[in-house]
Amino acid sequence: MAKPKIATTSLAGCFGCHMSILDIDDRILKLIELVDFNKSPIDDIKEFTSRCLVGLVEGGCANEENVHVLQDFRKHCDVLISVGDCATMGGLPAMRNMIPLKECFEEAYLNGPTVYNPGGKIPGDKEIPLLLDRVYACHEVVKIDYHIPGCPPSADTLWEILVALLSEKPIDLPYELIKYD
Ligand code: SF4
């Protein structure tokens with residue numbers, strides 16, 4: 001029987017949430033028995049080759065490419081999960097939301113203490129994804145079925161949720177996996 005498929009992606013994130021997926025250690029062997037990975041940095045498959053049961057999204061939307069990838073995940077995944085604080089509420093990249101975009105560019109390319117830019121040019125090539133006016137959490141862009149907070153969520157939390165979804169059981173996390181103090 002064909003195994004269910006999982007896809008993962010990193011939008012405006014740091015890959016820490018993907019590291020947490022890999023932190024399930026030897027349970028990764030069990031996971032590979034249960035599922036096939038489709039589009040994901042884990043197997044380096046760049047495009048969807050089939051519909052997936054679960055999509056795990058790390059990071060929010062900071063540019064137009066992030067929006068395109070997220071919409072593509074919504075289209076191809078039955079269950080879409082925001083993984084980590086960046087995906088669920090913007091996280092660290094959303095710190096720029098309180099600063100006008102023009103000032104962000106000037107700090108990054110002109111005035112920052114480590115910037116060397118004698119030409120004084122701010123990159124604007126058409127190949128570079130257009131930056132959005134602010135960073136958006138994933139649920140502000142598409143419908144999200146589950147939100148997993150944490151920076152990053154623990155490997156045990158991710159494991160419990162995946163196993164519950166794959167075995168079609170309710171997600172019932174023990175208290176120690178959902179407390180963050
Ligand atoms: S939630 Fe934390 S670990 Fe995950 S992508 Fe954002 S900064 Fe990285």
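Since we're looking at a predicted model, the values are computed, not measured.

A. Highlighting the overall build of the protein chain. The helix and strand tally for the protein chain stands at seven helices and seven strands. In sequence order, the secondary structure elements of the protein chain are arranged as β-α-α-β-β-β-α-β-α-α-β-β-α-α. Considered along the principal axes of its C-alpha atoms, the protein chain spans approximately 60 × 40 × 30 Å. Per element, the accessible surface of the protein chain, about 10,700 Å² overall, is 57% carbon and sulfur. The averaged location of the 28 negative side-chain charges in the protein chain is 5 Å from the averaged location of its 17 positive side-chain charges.

B. Region of interest: the pattern of salt bridges. If you walk through the whole model with that rule in mind, you get eight salt bridges. Across the pair Arg 51 and Asp 78 runs a salt bridge, and its minimum N-O distance is 2.7 Å. Placement of Arg 51 in the loop between β2 (36-37) and β3 (52-58) and of Asp 78 in strand β5 (residues 77-83) is noted, with a sequence separation of 27 residues between them. By relative accessible area, which is 46% here, Arg 51 ends up partly exposed. Looking at Asp 78, the relative accessible area reads 40%, which means it is partly exposed. The closest approach of N and O atoms between Arg 134 and Glu 140, which form a salt bridge, is 2.8 Å. For Arg 134, a relative accessible area of 27% translates into the label partly exposed. Exposure remark for Glu 140: the relative accessible area of 40% places this residue in the partly exposed category. Within the structure, one salt-bridge network assembled from shared partners comprises Arg 74, Lys 143 and Asp 145.

C. A look at the site of the ligand. Taken together, Gly 13, Cys 14, Gly 16, Cys 17, Glu 58, Gly 84, Asp 85, Cys 86, Gly 150, Cys 151 and Pro 152 make up all the residues around the ligand. Contributing elements (two or more residues each) for the shell around the ligand: α1 (16-22) and α4 (85-89). Split into classes, the residues belonging to the shell around the ligand amount to five nonpolar, four polar and two charged.

What counts as what
- Residues numbered from 1 in each chain as written.
- Predicted model: local features only at pLDDT ≥ 70, side-chain atom pairs only at ≥ 80, totals over all residues.
- Heavy atoms only, no water.
- Helix = DSSP H or I, 4+ residues; strand = E, 2+ residues; numbered from the N terminus.
- Areas by Shrake-Rupley, 256 points an atom, 1.4 Å probe, with all protein chains shown as cover.
- Lys, Arg positive; Asp, Glu negative; His and termini not counted.
- Charge placed at Lys NZ, Arg CZ, Asp CG, Glu CD.
- Salt bridge = Lys/Arg side-chain N within 4 Å of Asp/Glu carboxyl O.
- Buried < 20%, exposed > 50% of the residue type's maximum accessible area, 1.4 Å probe, protein only.
- Near = heavy atom within 4 Å.
- Nonpolar A, V, L, I, M, F, W, Y, C, P; charged D, E, K, R; others polar.

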